[in-house]
Structures are given as structure tokens and as C-alpha cells.
Amino acid sequence: MSLTQQQLTHLQQLETESIHIIREAAAEFDNPVMLYSIGKDSGVMAHLAMKAFAPGKPPFPFLHVDTTWKFSDMITFRDQYAKDNGIDLLVHINEEGKASGVNPFDDGSNHYTGVMKTQGLKQALDKYGFDCAFGGARRDEERSRAKERIFSFRDKHHQWDPKNQRPELWSTYNTRTRQGESVRVFPLSNWTELDVWLYVLRENIPIVPLYLSAVRPVVERNGTLIMVDDERMRLLPGEVPMMKSIRFRTLGCYPLSGAVESTADTVPAVVREMLMTTFSERQGRLIDFDEDGSMERKKREGYF
Amino acid sequence: MGTDADLIKSDIRAYLDKYEQKELLRFVAVGSVDDGKSTLIGRLLHDTGMVYEDQLAAVKKASNLEGEEDEIDFSLLTDGLRAEREQGITIDVAYRYFATDKRKFIIADTPGHIQYTRNMVTGASTANVGLILIDARLGVLQQSRRHATIASLLGIPHLAVCVNKMDLTDFDQDGFNAIRDEFAEFAKDLSFKDVTFFPISALKGDNIVSNSPKTPWHDGPNILEYLENVPVAADYNLEDFRFPVQTTLRPNLNYRGFAGQISSGTIKVGDPIMTLPSGKTSTVEAIDLLGVPVQEAFCPQSVTIRLADEIDTSRGDMFVKPENTPNVQRITEAHLVWMSETALDTEKSYLLKHTTQTMRAEVEHIDWKLDMDTLEHVPAATLDLNDIGYVRISCTRALYTDPYAKNRATGAFILIDSATNNTVAAGMVGGQSSLLELEDLLKEARAGSALPPRTQVSTRERYDRLGQRGATVWLTGLPGSGRWALAYALERRLFDEGRTATVIVPTGEDLDGVLSAARAATDAGLIAICAFPSPSKADRDLVREKVGAERMFQVFVNTDPALCLERRPNAEHEGFEAPEDAAVEVSLDAGRLLAAVGEVLKGLSDAGQFDRPSH
């Protein structure tokens, strides 16, 4: 990785490509925005954006679509991160959805996330007239992502047409849109989950503490550990929160995010657990996590 | 995976340090489904620990097997894709990731079907290595030659020829050698740095991740060993410094940096640079690598360069070294791979995006296209989906290019159809590096458009917008024959049918004025209906000359002369020369107006007015 060898490691290569992508989009679109979900991938993407325009700030705002059911730690982290980095952070809440009382307990998770996340995102994009939205999705997350372009076109209804994607060659990106159309740009397309963790470690990127193990109040439902994050958590008859050492692999709305029991309280320890599982156990739940879990997360994050 | 797995358990930080140092290698696997490409990829993913047990269990179940791994149909691992394709999701390149102890890999998985060339070109554009599969029983097919030709054209440096299904030929060494020799003979005219041959069985796992005992005569590496060791660092062009400016960073009055990714070459603080197109020179005062000052930088790093002098430079410009300049040209020769269902239209202008600049461009001439069966160069009037041709392109500004064979970053461009915003072609600059004197080079850099001053909208594009070709419908007949009544009735009927037509109303008395208007309307793709008197053959010949014979649709309004005289007794009826070459002849005797309109409409339709022009 030294300059004299004039050769980049894979992580440096991913970094330089992502920076090129972010600068290219910032230069070619009129009104870009960076979607910020507070998760580790968002953290890496935001970090790359800061580096891309150093010593200045990214020439675009960040947008968090707040479902109002995020872990309170996430909101605290979000506000602190924006403040520390001088980020222009927009927060959008689907007020109609909120007023209608949609929530993760009474409504199916699909309906709830559809209203608060996907609809909320569309509202925000329309409200501000963004023609480009950066997203932190990776191609290794699940299959339909594997063939999505880095610059992924959306029609004026924010729809992705997987059957009609623009060819994408070299690093020559087609950014052309008409009024009302937009492009989702995924700078982390070629990163894997391990790459993201490694970069978090190498660059000292702050992450929400929930990614690391700590003793927290949880209840167990259908084999899943759900954290009791605030007084809105509805306990079933007979359910008593217990204190367990847990962490989260993905972060979303707290009643929908399952925790894992773990003592990994540092990033290397988390990576070690992740890799050990991958290499030796490979149980069904990991697959669920990798395929369906991230698909659900993708929906939650409203990337389509 | 032994060593890495141990390290993860014993010392995770040491493992992460090691993981970080891994090189990245991108490869594209080429071959049709029957060649065993899916099986090979599935095998590689499985044998490098990328397949989860329940996935494997599902595959075993689908293979109707209970255990033995050497009988598993590994193609089923990527068959998820095929199922998706049936649902219409996968008609495209998918990217897959795996890592070994030595390298991290990105596979561009390109399904083999009708859109193959387009997909393969997309996957190949960034690949360091191409894997081509050849069926050991079938030998070198034309398809193998085609794949190799495309891989070579896309500048893939290293080719791995996998002679697959060796198990079905009993690992016959002579057969393998024959294929190797035949392919090597063919490939020596291509531009690969190296071509390596592997006798494999993707199904049985021979020579994939370990050397097979069944091929003791093969002393070369197995495929994974090859992928882990093929030298890719040397594939970067570190000779010719090219830096397309992406954006200018000016966070405060004391900082003015030019951000971009180094396309090729190296740069260090103190180096002299020249910016194109202005030709102004300065020296590099500082290089910032993502916020950290460095003394030197190299391709493909994304950096910010600060100059000693204030030079007026912005996105689309390129920094080079004064003693090493690219080709600067407004007219370039290039290979084009056509990627759109809509064929190349040499009459229209496209948008050309090259590095960080986008401009208008026209394909002036198609020198040849590749006959995909014979691989010979054949003449062509256009390029259709998946065609590869060699063309000459004129641009509104100068491109700063190197031949693609020498520089994949500055030799590549895309064409975009500005009417649909689709990417329609991939371009690779051909020819040689030119040796222009600096003065001539700068003259070219600052010269005006090389596009001829003519319409950049083609007849086909207009057709696609309007659904009609455009014509001048010229009504000829005696005074009182009903030309004007017919003209307006025809306009109404065309409009009602969704067509776009207009009646040309003269503002003066002369035919020239009407012809100018008719021609403009016809050029625009409208149906221009003219009822202006043209009693003589000479008048109509003039119309034909000015509007174009193929666009003039002459209607003889042959109403009973007695009726005409009765309707317009005071007009000049003498000397009328009836047309002998009218496309349609109608009569406007009493009560025939609607019938006449129908006849003209049918005539227009029969003449192909509503059919898409072929060029």
C-alpha cells in the first residue's frame, strides 16, 4: 500500500472508485442529496463524501427519512454526527403517516415501512426536487442488487425498471435525466460487508453504539430478541424485559430489529464473530440475514 | 481457507491487516450456458467458501443427490439467476464477490443469451482477466474466436482459456494440445499480454482450485492459483499522465484545488503540467490525497491537485505533462459496440461522454462492421444491437484521447441518445498516438465544431416522435376543382387520426414562398398540404425539385371540367396541363369530398407515409 510501489490495496481501490463516483454525481447533477440512514454503510458513505471534498464540505445536503421508531441511540448519534461534521442535515417525517397512527405493532412491517420509509422518501425527494440521491446499498446484499447499476435511473414515479437499465461501462456514467426523473447513485456498490467494517476500523468512523455489545433490556419473541428501547414498546402478557449482552447486525426501527447475543464490544470482535459464523457454522439464519434480511432492510431504507 | 480461518480465530487484528493488503482482481467469465460457465463460477464460489450450507443443501436436493460433492450440479448455484431471468429480472450483468487468502475478486457474470455481446462488453470493460470456456469435445468453435476477439477489443490484458469437460474426453492430452495450439495460433493476432490454457472439469472440480491428479501432464497452474497470481499491477498505464478535471474545490479564498481521478500515469509536487484545451502551463504546488498532502500520486488514485499559478480551468479540461500530450482531435476513429434496440442513425447527433466532458457528436462514416460469424470486416450502412463496427466520429469540441489499446481510461467513451437519454454505444478510440507539434495540437484543441452546420435531428427521430415521415401533398386541378376544400378536409381528417398536418396558406402570389413553407414543414416531419395553383408541368417540376421527389405526393383533383367552370366561371381555365404522374387521382364532383379524402389518405398510407424509414 505504499506509494513507491504504485499499487493500491483492494480497499484503497474501492475508496478511490467511490470518491470518483461521488464527485462525478456532485459535478453532473443539479440538486443531489445523500440519503443518510445512520447505519454503518451510511457512515462509510458519509465519510467518503467528506474526504471527496476535503478540506471543504460536501456540496449537498444529507437526508434522513425518520420513521419516528428509530432507536433513540440512533437519533442522538445522528444529531451529534451532523453537528460534529458541519453537515447540512434534512430530516423528513411522513406527517400524514404519523397522523394516521401507522406503527410497527398494529400494521404489518411491509405496510408500516412502505408508509413511513418509502412514501416518506418519495415525499422528501419531491419536496426538495432532488435529481440525484446517493444510497449506501451494496451489491453483495442480495440478488437484485447484484445487477443494479451504480448510477441507477428512476422515472418520475421513482420507479426502478430492472429490465430496462442503461448499460454501464468503465467508469463513464450516464447522468442524463429529464425534469422529474432522478438517479440513485450507489458509491458502495462493489464493497462487501467485510470491506465496510474494515474501513470503519481503519478510518475510525464513528458508529452507533448499538453495533457493539452491551447489556440491554430485551424480550424474546419467536426466537428473536427485541430491545425495549422506550415506553412505546408494547409488552405481551407475561413478558418481562431481561437484561442481556446483545448487539445489532443491522439497525432499523427498534421493534423490527432483532438483536444477537454477543460479547463483541469492539469492531474487530464483531468482525471476528461475523467471519467465524460465515466460515464454520453457516446456519440458516445467516442466510436469512443475508438474503431476506437485507432485502427487508433495503425496503426499510426505501432505496427503491 | 485454512490459514485465514485460523488467523480469524487466533488474531483478528492480524487477519484484518492481512485482508486489507489484498489486491483486487476483476474478471469476466465468457461462454454460453452449455460451456459450463455457470458450473465453473458455482464451483469457484463453493470451493472458496462463499456458499452457505443451506444453499448447498438446496442445490444437492435439486441435483437429486445426498452427499458426494463431486456430483453436485454447481451451475444451480447461479441458476437462481436463470429463474429470475424467466421472471424478467436478469437480462443483465450481475456482479459477484469472493476472496481468498491472496486476493479479493469481482466476477462480472454475464448470462449467455441473445444480448450476449452487449453484456460481455459491459463486463469486460473493467476486467483484468477474461475466462473463456471451450468444450473439450467440440474444440475451438467460431463462438470461442468471437469471444476472444471481443475480449481483445475491450483491452482485457490476460486471457485464461479453460478447456472444460475434460472428464468427457478422459483427460486426453492430445486433444487438449490440439485445442491449445489452434487457439494460440488464432490469438497471436489479438492484443492479449498473455494467454494461458487450462484442462479442467468444472463439474468434477479438476484443476479449478487444486491441481488434478488426472492431468499429470499439465504443469501449469490451476485456475484459482492463476487468478491469485496473474500480475495485474503492471496493467496500469503509469507512463502517460492524464488527469481529467472532475470538479473544482474552492472551500475558502486560500484553497483552489482541482479534483479528479488520475486516469493514467503519475504526478508529483513540482512537476510541470499543461491544461487542455487552453494550453496554459503551471507547476504542481500540492497534491492532496483525500485531505492528506502527499508528494506524489499515481493512477487510479482520486486526488486534488493545486497549481502554483491561477489558471482558468474547470470540469471537462484535462491536465497533462507538456512533454507527453494525448491526441487532440475533433474527428476520431473508433470501434463502436452498438447496445441499443434502435439502430445507429448517421443523420442524427448523439451525446458523447468521454472522461469528464460531454459533447455533441455524429457518426460520419462506418468503415466496416464485424461479421459475427466469419469475423471478417464487411461494409455496413448502420449498426444494429450487438454489432461491432469501426467508425469515424465528428465532435463539436476536441477530445483528449489516447488509443484505447494504449490507455483504457482515455480511450473509452459512451454515446447517449439525447432524445431518450439511453446509453446506446460503447466506443473505443482507434488509430495511433499522433505526433502533432504543440502549436498544431493547441490549434485543434481550440477549434470550433467539426459537425457540418446542418440539422442534427434525423428523419427517423422525427418519425419516432410523430409517427409519420412528412410529405408535401400537392393538389393539382382546374380552378373550381375543389382543391382548397379538399385541403382543409384532409387536414381535419389527418388531425383526427392523430397525425400532424397543416395547410400551407400563401402570404403572397409567388410559388417560391409557398415552396419554402412547404419544404420547412416537410423537413419538420409534417404533412404539408398545398392547394396553391400550379397549372403547368413546369410549376410541378419546380415543386419536385425544391421539396424532393420522394417527399412530394401529388394529387390530381380531376373534377368534371364543366362543373369546375360552373363553380368558377371567371377563373382562367385555359392552358391547364393535367399531371400524368400524380400519385392519386380523385374527383370532387358533387358529394365526393369525404370519399376523396379517404382516397388521398389511402394513397399516403400505401406510399409508406406512416411506415418507419429504414434509414
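## Some remarks on the overall build of chain A
When its secondary structure is counted, chain A shows 9 helices and 10 strands. Counting over 304 residues, chain A shows a buried share of 61%. Roughly 11600 Å² of accessible area belongs to chain A as shown, and the carbon and sulfur atoms make up 48% of that amount.

## Concerning the sheet that holds strand β5 (residues 158-164) of chain B
Strand order across the open sheet formed by 6 strands is β2-β3-β1-β4-β5-β6 (chain B), with mixed pairing between neighbours. Strand pairing shows two members of the sheet lacking a second neighbour, β2 (94-99) and β6 (194-199) of chain B, which therefore form its edges. If you compare each strand with its neighbour and ignore which way they point, the axes differ by 25° on average. For strand β1 (residues 23-30) of chain B and strand β4 (residues 129-135) of chain B, the ladder comprises 4 bridges, and the chain directions are parallel. Note that in β4 of chain B the partner of V28 of chain B across the bridge is G130 of chain B. Here helix α1 (residues 10-28) of chain A sits on the sheet in contact with β1 and β3 (103-109) of chain B, set at roughly 75° to β1 of chain B.

## With respect to the interface of chain A and chain B
The interface of chain A with chain B comprises 68 residues on the first partner and 85 residues on the second. Interface area for chain A against chain B, summed over the two sides, is near 7100 Å², with a carbon-plus-sulfur share of 57%. Counting across the chain A and chain B interface gives 8 salt bridges. In this structure, the salt-bridge partner of K353 of chain B is E24 of chain A, at a minimum N-O distance of 2.8 Å. Here chain A and chain B share 35 residue pairs in polar contact (both at pLDDT 80 or more) between them. For the side of chain A that touches chain B, the secondary structure elements donating two or more residues are α1, α2 (40-52), α6 (143-146), α7 (193-202), α8 (267-281) and α9 (284-301) of chain A. Sorting elements by how many residues they give to the side of chain A that touches chain B places α1 of chain A first, with 13 residues. Looking at the side of chain A that touches chain B residue by residue, the class counts come to 28 nonpolar, 17 polar and 23 charged.

## Quick notes on the pattern of salt bridges
All names here are of chain A. Scanning all chains against the criterion turns up 56 salt bridges over all chains. With a closest N to O distance of 2.9 Å, K51 and E203 form a salt bridge. Here E203 lies in the loop between α7 and β7 (214-221) and K51 lies in helix α2, a separation of 152 residues in the sequence. One network of salt bridges, in which partners are shared, links K40, D41, R138, D140 and E193.

## Regarding the pairing of strand β8 (residues 247-252) of chain B
All names here are of chain B. Looking at chain direction, β8 and strand β9 (residues 255-261) are connected through 4 bridges and run antiparallel. In the strand pairing of β9, N252 is matched with Y255. Where β8 folds back onto β9 in an antiparallel hairpin, the turn is made up of 2 residues.

## Some remarks on the side chain of T196 of chain B
Mapped onto the elements of the fold, T196 of chain B is located in strand β6. Beyond its immediate stretch of four places on either side in the chain, T196 of chain B contacts L159, A160, V161 and Y226 of chain B.

## Details of the packing of α1 of chain A against α2 of chain A
Residues and elements named next belong to chain A. Contact geometry of α1 with α2 gives a least axis separation of 9 Å together with a crossing angle of 75°. Between α1 and α2, the crossing angle belongs to the class labelled roughly perpendicular. Contact residues: α1 offers E15, S18, I19, I22 and R23, while α2 offers M45, L48, A49, K51 and A52. Residue composition of the contact of α1 with α2, grouped by class: 6 nonpolar, 1 polar and 3 charged.

## Things to note about the packing of aromatic side chains
Taken as a whole and assessed by the stated rule, the structure comprises 31 aromatic pairs over all chains. Where F29 of chain A meets F151 of chain A, the ring centres are 6.5 Å apart and the plane angle is 15°; that geometry is what we call stacked. Here F29 of chain A, found in the loop between α1 and β1 (32-35), pairs with F151 of chain A, found in strand β5 (residues 151-154); they are 122 residues apart in sequence, far enough to count as distant. A connected cluster of aromatic rings, assembled from ring pairs, spans Y36, F53, F60, F62, F77, Y81 and F134 of chain A. A cation over a ring is seen here: R145 of chain B above F186 of chain B, with NZ or CZ 5.9 Å from the ring centre.

## Concerning unusual backbone geometry
Residues and elements named next belong to chain B. With an omega of 10°, the peptide bond running from L276 to P277 counts as cis. Here the bond from C299 into P300 is cis, since omega is 5°, no more than 30 degrees from zero. You can see P300 is positioned in the loop between β14 (296-298) and β15 (302-307). The phi torsion at N207 lies on the positive side, around 60°, for a residue other than glycine. Secondary-structure assignment places N207 in the loop between β6 and α9 (223-229). Among the residues examined, N207 registers a relative accessible area of 1% and is labelled buried.

## Notes on the sheet that holds β5 of chain A
All names here are of chain A. Read across the sheet, 6 strands follow the order β3-β2-β1-β4-β6-β5 without closing on themselves; strand pairing throughout is mixed. Because the sheet does not close on itself, it has two edges, and the strands there are β3 (89-92) and β5. Going from strand to strand, the sheet's axes swing by 30° on average, the running direction of each strand aside. The pairing of strand β4 (residues 132-134) with strand β6 (residues 182-185) spans 3 bridges and is parallel. Of the residues in β6, the one forming a bridge with F134 is V185. Across the sheet, α2 touches β1, β2 (62-65) and β4, and the angle it forms with β1 is around 140°. Strands β1, β2, β3, β4 and β6 of the sheet are contacted by helix α5 (residues 109-128), whose axis makes an angle of about 145° with β2.

## Focus on α1 of chain A
Given a rise of 1.5 Å per residue, 19 residues ought to cover 27 Å, and the 27 Å separating the end C-alpha atoms of α1 of chain A matches this to within 8%. α1 of chain A sits mainly inside the fold: 16 of its 19 residues count as buried.

## Observations regarding the environment of D317 of chain B
All names here are of chain B. With respect to the helices and strands, D317 occurs in the loop between β15 and β16 (318-320). As for D317 and V245, which are separated by 72 residues in sequence, their C-alpha atoms are 5.6 Å apart. Apart from the residues within four sequence positions on either side, D317 is in contact with F243, P244, V245, T275, L276, P277, D312 and T356.

## A short note on the environment of R592 of chain B
Summarising the element assignment, R592 of chain B is placed in the loop between β28 (584-586) and α16 (593-606). When sequence neighbours within four positions are dropped, the list of residues in contact with R592 of chain B reads S587 and E599 of chain B.

## A few points about the confidence of the model for chain A
Averaged over all residues, the pLDDT of chain A equals 85, while 88% of them reach at least 70. pLDDT under 50 marks residues 279-304 of chain A. Its contacts with residues more than four places away, or in other chains, come to 68 contacts.

## Quick notes on the pairing of β2 of chain B
In terms of burial, β2 of chain B is a largely internal element, 6 of the 6 residues being buried. Residues A94, R96 and F98 of chain B line one face of β2 of chain B and the alternating positions Y95, Y97 and A99 of chain B line the opposite face, and both faces are buried.

What counts, and at which threshold
Residues numbered from 1 in each chain as written. Chains lettered and ligands numbered in written order. Predicted model: local features only at pLDDT ≥ 70, side-chain atom pairs only at ≥ 80, totals over all residues. Heavy atoms only, no water. Helix = DSSP H or I, 4+ residues; strand = E, 2+ residues; numbered from the N terminus. Buried < 20%, exposed > 50% of the residue type's maximum accessible area, 1.4 Å probe, protein only. Areas by Shrake-Rupley, 256 points an atom, 1.4 Å probe, with all protein chains shown as cover. Pairing = 2+ DSSP bridges. Axes fitted to C-alpha atoms, helices over the stretch in contact; angles between N-to-C directions. Contact = heavy atoms within 4.5 Å. Buried area = accessible area lost by both parts, 1.4 Å probe. Salt bridge = Lys/Arg side-chain N within 4 Å of Asp/Glu carboxyl O. Polar contact = N/O pair within 3.5 Å; in protein donor to acceptor, adjacent residues only side chain to side chain. Nonpolar A, V, L, I, M, F, W, Y, C, P; charged D, E, K, R; others polar. Parallel < 35°, antiparallel > 145°, perpendicular 65-115°, else oblique. Phe/Tyr/Trp six-rings, centres within 6.5 Å; stacked < 30°, edge-to-face > 60°. Lys NZ or Arg CZ within 6 Å of the ring centre and 35° of its normal. Expected span 1.5 Å × (residues − 1). pLDDT = per-residue confidence, 0-100.

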